[in-house]
Amino acid sequence: VFGANTRSFIITGIVATYFSKTLGILVLFTDDLQRGVRWVVGLFSKNTDGHLGGPVIPRSEFLSKVALATTAVPFTAFAYGIISGAHDYRVKRVTVKLKNLPKSFDGIRIGQISDIHAGSFWNKTAVKGGVEMMMKEKPDVIFFTGDLVNNESSELKEYVPVFEKLKAPLGVFSITGNHDYGDYKSWTTQEEKQRNFKGLVQAHKIMGYDILMNEHRFLEQGGEKIAIIGNENWGAGRFSKYGKLDVACRGTEQAAVKLLLSHDPTHWDAQVRPK
């Protein structure tokens, strides 16, 4: 029986191989097509050998090389993503100006991290380094905005001690993403799927994350407060719609500033701005 990580690598390897080969085949098919057209045209030319005038053109060496390159480039990109991309951590600093922000919150440092996808990791030391990078930024509060795993809560087994190191004076708040519900895996029973999701929610709590399931919290300091609204995953089109924004917002009407945690970017234009 393969573990979640092993299955992910195998599936990715198969997809990378066949996707790359398909691109190469398309290029070679283009070569075959143009040669076929030349042959048909040659049948109606003055030549009786079924070819156009001039020397017979063999299978294009150029297109063959293009096909090889077309196959190699995406395969290399997939391989790089597996080997390096899962652990290529960088810090991006952004200053957000909010006109209604209470003075006591001016300059608050928010650390935001998303899409951990624990089942994609293979280098635990590198993951620890990513957590350390976050902590060196000295955030006042940390937001985790969904997709803790690829499919199964068991992916977190070795990483709970790593991610529980994310701490902040005002707390760590989290929400769920589309992958967290186990919707992309075939479960033996619905009960098994529900147990998996309960395990994922419990993992948030074990790590010290205050998981917001269509809920809100208030951050208070200096006698002032702002609201944090946590929406379960809600995405436009075919993506899951577990979020209930009206429920999550209820009770925050008087907050000067409301910070929304929502995993899917399509949620903003599809539901947040219209409302």
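Above: the structure in question.
First, a word on what this report is: a plain description of the structure on this page. Since this is a predicted model, take the numbers as computed values, not measurements.

The rules behind these values
Residues numbered from 1 in each chain as written. Predicted model: local features only at pLDDT ≥ 70, side-chain atom pairs only at ≥ 80, totals over all residues. Heavy atoms only, no water. Salt bridge = Lys/Arg side-chain N within 4 Å of Asp/Glu carboxyl O. Buried < 20%, exposed > 50% of the residue type's maximum accessible area, 1.4 Å probe, protein only. Helix = DSSP H or I, 4+ residues; strand = E, 2+ residues; numbered from the N terminus. Pairing = 2+ DSSP bridges. Axes fitted to C-alpha atoms, helices over the stretch in contact; angles between N-to-C directions. Phe/Tyr/Trp six-rings, centres within 6.5 Å; stacked < 30°, edge-to-face > 60°.

## Re the pattern of salt bridges
Within the structure shown, the criterion is met by 8 salt bridges. In this structure, D88 engages R90 in a salt bridge whose closest nitrogen and oxygen atoms are separated by 3.0 Å. The exposure class of D88 is partly exposed, given its relative accessible area of 34%. Classification of R90 as exposed rests on a relative accessible area of 70%. The shortest N-O distance in the salt bridge between D183 and K193 comes to 2.6 Å. Taken together, the residues span a long stretch of sequence, with D183 in the loop between β3 (172-175) and α5 (190-206) and K193 in helix α5 at a distance of 10 residues.

## Here's the deal with the sheet that holds strand β5 (residues 215-221)
Read across the sheet, 3 strands follow the order β5-β6-β7 without closing on themselves; strand pairing throughout is mixed. In this open sheet, the two strands that pair with only one neighbour each are β5 and β7 (258-261). Strand after strand, the sheet turns through a mean of 25 degrees between neighbouring axes, direction not considered. Relative to β7, strand β6 (residues 224-230) runs parallel, the two sharing 4 bridges. Residue pairing across strands places A227 opposite K258, the latter belonging to β7.

## Here's the deal with the packing of aromatic side chains
The geometry of an aromatic ring pair is captured by the separation of the ring centres together with the interplanar angle, meaning the angle of the planes. A full pass over the atoms with the stated rule returns 7 aromatic pairs. Arranged with centres 6.3 Å apart and planes meeting at 65 degrees, the rings of F143 and F173 form a pair that is edge-to-face. Taken together, the residues F143 in strand β2 (residues 141-145) and F173 in strand β3 connect sequence positions 30 residues apart. Take F143 and F173: they sit in the same class, and that class is buried. Among the aromatic residues, those joined into a cluster by ring pairs are F121, Y159 and F163.

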